[in-house]
Amino acid sequence: RFLEENPNTIVVKQTARVYEKKLIRAKYWITNYRVPDHVWPQKDQVYVQCWHGTPLKRLGYDLETSENAIDSIADIRKKYAMDAEKFNYILSPSGFASEKFISAWNLKETKMEDKVMEIGYPRNDILFRDNNEEAIKRHKKMLGLPTDKKIILYAPTWRDDEFSEDDKYEFRPKISFEKLQEELGDEYIMIVKYHYLIMDAVDWTPYEGFVYHFDQSRDIAELFLVADLLVTDYSSVMFDYSILKRPMFFFAYDFYKYKNELRGFYFSYRKEMPGPISSTTEELIRDIREYDGSLYEERYENFCRRYNGVDDGSASGQVATLMDLLIP
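Residues numbered from 1 in each chain as written. Predicted model: local features only at pLDDT ≥ 70, side-chain atom pairs only at ≥ 80, totals over all residues. Heavy atoms only, no water.

Looking now at helix 11 (residues 281–289). Buried residues of helix 11: Thr281, Leu284, Ile285, Asp287 and Ile288, and no others. Considered in projection along helix 11, the buried side chains sweep an arc of 160 degrees and stay on one side of the axis. The inward-facing, buried residues of helix 11 abut strand 5 (150–154), helix 6 (177–184), strand 6 (188–192), strand 8 (229–232), strand 9 (248–251) and strand 10 (277–278). (Buried < 20%, exposed > 50% of the residue type's maximum accessible area, 1.4 Å probe, protein only. Helix = DSSP H or I, 4+ residues; strand = E, 2+ residues; numbered from the N terminus. Arc of directions from axis to C-beta. Contact = heavy atoms within 4.5 Å.)

What follows is the structure in structure tokens.
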């Protein structure tokens, strides 16, 4: 929403007709998701695909099974192939991500491997710039958060098979906010930020003063900065948050179902997660209370080196330079 106050920025909805008019006239397209299928860039336009995270879950051509509410695997592959033809470059924060993007978009078979630019994620530059006491206080004030308690950020991913009759993805958390408030409320507050595909309007009033919820207009990087610890499951937020080197906890109550029936993983989840893995709220509470960072220090270092080793706070500048070079 802050962009609406920027005199150099015009904000439009993707569903509005003006959106397509702006696309037609724009010199550059920068997105972190696929553009609509019927929209194609012209030869003199530059399309940079930032994507929305380092992949743990299989994507595109790498999918072996899926319970997606909207598309079949064949449909998904078709959309990825279409996007690969459209973008000039796709950004990557690591050799691992580059390898998976090449396979997920089928870039090797189509001889488009050179579209992958391993220069880091621009959205993570703020995590280097504002990871200091003064900036964090400023973000807490702007978000209306108390400063006398530690902050838990809960950011789960979406489930392909949890959707309503009108094919909208739903939020069906197996975590007990009531127990968390009862056991941790004296020391912590909790920010809940669920996946952008979730359309549910959740009633948070029973947890007022403990749970703070921010909608999809809020940049999650701001929430990373104010959070003392992260609770997630299979979301790619784990890779971005690890830049801050703060504790991470993994609430994976449906691990085997998610791994074997829904999406599948690119690597061994249980061997590589740099923090405790729990399957019940009681286990999660215990893990938070008894957390010993020294037990995960080596695994955390390896995790950061492998999955975001390129990120250093300079990605935005590199992309700006890249786009200048791409002007026909």
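Here we come to the pattern of salt bridges. Following the criterion strictly, the structure yields 11 salt bridges and no others. The partner of arginine 289 in a salt bridge is glutamate 183, with the nearest N and O atoms 2.9 Å apart. Of the two residues, arginine 289 is situated in helix 11 and glutamate 183 in helix 6; the sequence distance between them amounts to 106 residues. Among the residues examined, arginine 289 registers a relative accessible area of 52% and is labelled exposed. (Salt bridge = Lys/Arg side-chain N within 4 Å of Asp/Glu carboxyl O.)

Attention now moves to the side chain of serine 94. Structurally, the position occupied by serine 94 is in the loop between strand 3 (89–92) and helix 3 (95–104). On the basis of relative accessible area, serine 94 is assigned to the buried category, the value being 2%. Separated by 3.0 Å, the side chain of serine 94 and the backbone nitrogen of alanine 97 make a polar contact. Look past the residues within four positions of serine 94 in its chain and what remains in contact with it is Glu118, Arg306, Tyr307, Asn308, Gly309 and Val310. (Polar contact = N/O pair within 3.5 Å; in protein donor to acceptor, adjacent residues only side chain to side chain.)

Moving on, we get to the sheet that holds strand 2 (residues 46–49). Pairing between the strands of a sheet is mediated by backbone hydrogen bonds and can be parallel or antiparallel. Taking strand neighbours across the sheet as the criterion, the four strands line up as 1-2-3-4 in an open arrangement whose pairing is parallel. Either end of the sheet is taken by a strand with one partner, and the two such strands are strand 1 (28–31) and strand 4 (116–118). Each strand of the sheet is rotated relative to its neighbour by a mean of 25 degrees, with strand direction disregarded. Examined bridge by bridge, strand 1 and strand 2 share four bridges and lie parallel to one another. Across the sheet, isoleucine 30 pairs through a bridge with valine 48, a residue of strand 2. (Pairing = 2+ DSSP bridges. Axes fitted to C-alpha atoms, helices over the stretch in contact; angles between N-to-C directions.)

Time to look at unusual backbone geometry. Outside of glycine, negative phi angles account for most residues, and trans bonds account for most peptide bonds. Even without a glycine there, the phi angle at asparagine 106 is positive, about 60 degrees. Mapped onto the fold, asparagine 106 is located in the loop between helix 3 and strand 4. Phi at lysine 111 takes a positive value of approximately 60 degrees, unusual for a residue other than glycine. Considering the arrangement of structural elements, one finds lysine 111 in the loop between helix 3 and strand 4.

Further remarks concern the sheet that holds strand 10. The six strands lie next to each other as 7-6-5-8-9-10, forming an open sheet whose pairing is parallel. At either end of the open sheet lies a strand with only one pairing partner, and these are strand 7 (211–213) and strand 10. Inspection of the sheet shows strand 6 paired to strand 7 by three bridges, in the parallel sense. Directly across from isoleucine 191, in strand 7, lies its bridge partner tyrosine 212. Each of strand 5, strand 6, strand 8, strand 9 and strand 10 touches helix 11; the most contacted strand, strand 9, lies at about 170 degrees to it.

Within the secondary structure layout, proline 206 lies in the loop between strand 6 and strand 7. Put simply, proline 206 and phenylalanine 177 are 29 residues apart on the chain and 9.4 Å apart in space, counted from C-alpha to C-alpha.

In terms of burial, strand 6 is largely enclosed, as five of its five residues are buried. In the sheet, strand 5 pairs with strand 6 via five bridges, with the strands oriented parallel. By the bridge assignment for strand 6, lysine 150 is matched with tyrosine 188.

To continue, consider a nonpolar patch on the surface. Taken together, the side chains of Phe2, Leu3 and Val11 define a hydrophobic patch exposed on the protein surface, amounting to about 300 Å² of accessible area. Tracing the sequence through the fold places valine 11 in the segment before helix 1 (17–25). (Patch = residues over 30% accessible without salt bridge, like charges linked within 9 Å, V, L, I, M, F, W, Y side chains within 5 Å. Areas by Shrake-Rupley, 256 points an atom, 1.4 Å probe, with all protein chains shown as cover.)

Turning our attention to the confidence of the model for the protein chain. Here the protein chain averages 88 in pLDDT, while 90% of its residues score no lower than 70. pLDDT under 50 marks residues 161–169. Its contacts with residues more than four places away, or in other chains, come to 29 contacts. (pLDDT = per-residue confidence, 0-100.)

Time to look at the nonpolar core. In this structure, Trp105, Met238 and Tyr269 are the most contacted members of the largest nonpolar core, which totals 63 residues. Counting 21 residues, the second-largest nonpolar core is a separate cluster that includes Ile152, Leu184, Trp204 and Tyr207. (Core = buried A, V, L, I, M, F, W, Y, C linked by side-chain atoms within 4.5 Å.)

Let us look at the packing of helix 6 against helix 11. With their axes 10 Å apart at the nearest point, helix 6 and helix 11 run at an angle of 30 degrees to one another. Classified by the angle between their axes, helix 6 and helix 11 sit roughly parallel to one another. In this structure, the crossing between helix 6 and helix 11 has a hand that is right-handed. When helix 6 is examined against helix 11, the residues Lys179, Leu180, Glu183 and Leu184 are found in contact with a partner set consisting of Thr281, Glu282, Leu284, Ile285, Ile288 and Arg289. (Parallel < 35°, antiparallel > 145°, perpendicular 65-115°, else oblique. Left-handed = near helix turned anticlockwise from the far one by under 90°.)

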